[in-house]
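# Observations on the model geometry
Letter by letter, the chains look like this.
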Amino acid sequence: MGAQMRVYKRRIRSVSATKKITKAMEMIAASRVVKAQRQVAASTPYATELTRAVTAVAAGSDIRHPLTTEVERPVRAAVLLITSDRGLAGGYNSNAIKQTEALTNRLTGEGRQVDHYVVGRKGVSYFGFRERPVAESWTGFTDNPTYADAKKVAAPLIDALNRQTSEGGVDEIHIVYTEFHSMMTQTAVDKRLLPIVFDKTAEESAEVFEEARKKEQEYQALYDFEPSADGVLDALLPRYVESRVYNALLQSAASKHAATRRAMKSATDNAEELIKSLTRLANQARQAEITQEISEIVGGANALADASAGSDR
Amino acid sequence: MAELHVELVAADRSVWSGEATRVIARTPSGDIGIMPGHQPLLTVLESGPVTIRTAGGGDGGTVVAAVHGGFISFADNKLSLLAEIAELSEEIDVERAERALERAKSDADAEAERRAEVRLLAVAGVR
């Protein structure tokens, strides 16, 4: 076999090995997306009912509470960034990080200090590499988050909210995560968790909110709170944060798997393309070799014939 | 008989939903019974068994669930039971709960002990 051909064959082998791996990763990611999507759907009823309850208290009482009241001059804001532990997911992590940077710039521009809370190894290493401080970070559960994980993440956030800003507390909590729209579209978004925003554009959760609010206005102040409106709000606040964080973690996980699937699909397609063109080149090299051999044989035979014709004479 | 709609949801799934004639749950100030047409209510839920008398067919059946913390909200004849963790009595593994209770007692883990107790209470409540 010619040297040229051997090189092509070797490259084809290595690319097909890569293709096998990316194909497997694509399939794993595809099955995980479905599971993650199911989890998102399963957590929705709780989130919806909880938002309804919060609305009921917000509309049914006029007490001031960090859950519902905006601070006049916010000093510090907490930003929770959700990334993944592993890469190979296209622009998934860098999009979320970019969104965080934009949000941080906006908040600093408005005169707020920003505390970063980071979930996922990719985000942690981003901040670590730039030697920027991180208030708290978590890794290890981004592929398959549980409610206990969400509680763990929410606890220091709630803690910071309950503290005075002079003691390092925060006035606002923002969250940056990747929203799952479909297998093909996921977008990095930033949302203000607390104080609650009555924002119409912020899709479904807010819509439910708005709807419930309208309804609530009819029954306003009819609600009976136990032990008291204040007590209920105090108990609701952490649950609300936890459930929103949980939802964000689940959506991010689903987005991550979808992004991985897409990235691996294009890697597989790429490998296929590469194998095709390499095979063409290898064929060409083989053909050239055969042609060369034939012409060598023919040339040799001719030389022999010429020689024997000469000696006959 | 009048009925109310009940949704029992845990953080990660919907546990039970259907029509009921009466729901009994535990709040910080004691057990509360909710029947159709109750005043709109929003209450903190203590961990404890929740008893749901289901509607339909004479006396109807009973669904008991172990609920660990959460809320009740009632409005519009619709009752939402929100719990971080909720288990129906038939899903509870009695032996496991008993073992957990023993373990919690020996470790003096009050929270785990309460959880296991609530589970056993929920199972006892249905029998």
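Analysis parameters
- Residues numbered from 1 in each chain as written.
- Chains lettered and ligands numbered in written order.
- Predicted model: local features only at pLDDT ≥ 70, side-chain atom pairs only at ≥ 80, totals over all residues.
- Helix = DSSP H or I, 4+ residues; strand = E, 2+ residues; numbered from the N terminus.
- Buried ≥ 20, exposed ≤ 12 C-beta atoms within 10 Å, placed from the backbone.
- Rg over C-alpha atoms; globule rule 2.2 N^0.38 Å.
- Contact = placed C-beta atoms within 7 Å.
- Domains from an automatic or database assignment.
- Nonpolar A, V, L, I, M, F, W, Y, C, P; charged D, E, K, R; others polar.
- Core = buried A, V, L, I, M, F, W, Y, C linked by C-beta atoms within 7 Å.
- Expected span 1.5 Å × (residues − 1).
- Pairing = 2+ DSSP bridges.
- Axes fitted to C-alpha atoms, helices over the stretch in contact; angles between N-to-C directions.

### What about the overall build of chain A?
- Summing up its helical and strand segments, chain A has six helices and six strands in all.
- Counting helices and strands in the order they occur from the N terminus, chain A gives α-β-α-β-α-β-α-β-β-α-β-α.
- In chain A, which comprises 313 residues, the share counted as buried stands at 36%.

### What about the overall build of chain B?
- If you tally the helices and strands in chain B, you get two helices and seven strands.
- Along chain B, helices (α) and strands (β) appear in the sequence β-β-β-β-β-β-β-α-α when read from the amino end.
- A compact globule built from 127 residues should have a C-alpha radius of gyration of about 14 Å, and chain B, at 15 Å, falls within 12% of that.
- Looking at chain B residue by residue over its 127 residues, the buried ones come to 39%.
- Pairs at least 24 residues apart make up 55% of the contacts formed inside chain B by residues separated by at least 6 positions.

### Notes on the domain arrangement of chain B
All names here are of chain B.
- Segmenting chain B into domains produces domain 1 (4-89) and domain 2 (93-126).
- Taken over C-alpha atoms, the centre of domain 1 sits 21 Å from the centre of domain 2.
- Contact with domain 1, which involves eleven residues of that partner, is made by nine residues of domain 2.
- When contributions to the side of domain 1 that touches domain 2 are tallied by element, the ones reaching two or more residues are β5 (48-54) and β6 (62-75).
- In terms of residues, the side of domain 1 that touches domain 2 owes the most to one element, β6, which gives five residues.

### Regarding unusual backbone geometry
Residue and element names in this part refer to chain A.
- The phi dihedral of Leu 88 is positive, around 55°, even though this residue is not glycine.
- As for its placement among the helices and strands, Leu 88 is situated in the loop between β1 (76-82) and α2 (92-109).
- Judged by the 15 C-beta atoms lying within 10 Å of it, Leu 88 is partly exposed.
- For Glu 131, which is not a glycine, the phi torsion comes out positive at approximately 55°.
- Tracing the chain through its elements places Glu 131 in the loop between α3 (121-129) and β3 (136-138).

### Description of the interface of chain A and chain B
- Contact with chain A, which involves 24 residues of that partner, is made by 22 residues of chain B.
- For the side of chain A that touches chain B, the elements supplying multiple residues, two or more each, are α1 (3-60), β6 (224-226) and α6 (229-312) of chain A.
- The element best represented in the side of chain A that touches chain B is α1(A), accounting for ten residues.
- For the side of chain A that touches chain B, the residue count by class is 17 nonpolar, three polar and four charged.

### Side note on the nonpolar core
- If you look at the biggest cluster of nonpolar residues, it comprises 98 residues, and the most contacted ones within it are Val57(A), Leu80(A), Leu157(A), Val176(A), Ala65(B) and Leu81(B).
- Residue contributions to this core peak at 17 residues, all from α6(A).
- Both of domain 1 (4-89) and domain 2 (93-126) of chain B provide at least three residues apiece to this core.
- When residues no more than four places from it in sequence are discounted, the contact partners of Leu80(A) are Tyr117(A), Leu157(A), Ile173(A), Ile175(A) and Val176(A).

### Brief notes about helix α1 (residues 94-107) of chain B
Residues and elements named next belong to chain B.
- A rise of 1.5 Å per residue sets the reference length of α1, with its 14 residues, at 20 Å; its end C-alpha atoms lie 20 Å apart and thus fit the reference within 8%.
- Of all 14 residues that make up α1, one are buried, and the element is exposed over most of its length.
- Ala 108 occupies a position one or two residues after α1 and carries a positive phi of about 55°.

### Points about the sheet that holds β1(A)
Residues and elements named next belong to chain A.
- Reading across from one edge, β3-β2-β1-β4-β5 is the order of the five strands in this open sheet, with mixed pairing throughout. Every other strand in the sheet has two partners, leaving β3 and β5 (186-194) as the edge strands with one partner each. Across the sheet, the axes of successive neighbouring strands diverge by a mean angle of 20°, strand direction being ignored.
- Relative to strand β4 (residues 172-180), β1 is paired through five bridges, and the arrangement is parallel. Note on β4: the bridge partner recorded for Leu 80 is Ile 175.
- Running over the sheet, α2 touches β1, β2 (113-119), β4 and β5 and is turned about 155° from β4.

### Considerations on the environment of Ala305(A)
- Mapped onto the elements, Ala305(A) comes out in helix α6.
- For Ala305(A), a count of 10 C-beta atoms within 10 Å gives the class exposed.

### Comments concerning α3(A)
Residues and elements named next belong to chain A.
- What α3 keeps buried is the set Arg 121, Lys 122, Gly 123 and Tyr 126.
- In the core, the buried residues of α3 are packed alongside β1, α2 and β2.
- Downstream of α3 by one or two residues, Glu 131 has phi in the positive range, about 55°.

### Digging into the pairing of strand β7 (residues 78-88) of chain B
All names here are of chain B.
- Taken across its eleven residues, β7 has eight buried, putting it largely inside the fold.
- Summarising the sheet, strand β1 (residues 4-10) and β7 pair through six bridges and their orientation is parallel. Residue pairing for β7: His 5 is matched across the bridge by Lys 78.
- Alignment of β6 against β7, held across ten bridges, turns out to be antiparallel.

### Here we look at the pairing of β5(B)
Residues and elements named next belong to chain B.
- In terms of burial, β5 is a largely internal element, five of the seven residues being buried.
- Relative to β5, strand β2 (residues 13-27) is paired through four bridges, and the arrangement is antiparallel. From the neighbouring strand, Arg 22 faces β5, where its bridge partner is Arg 53.
- For β5 and β6, the ladder comprises six bridges, and the chain directions are antiparallel. Paired with Pro 49 across the bridge in β6 is Ala 66.

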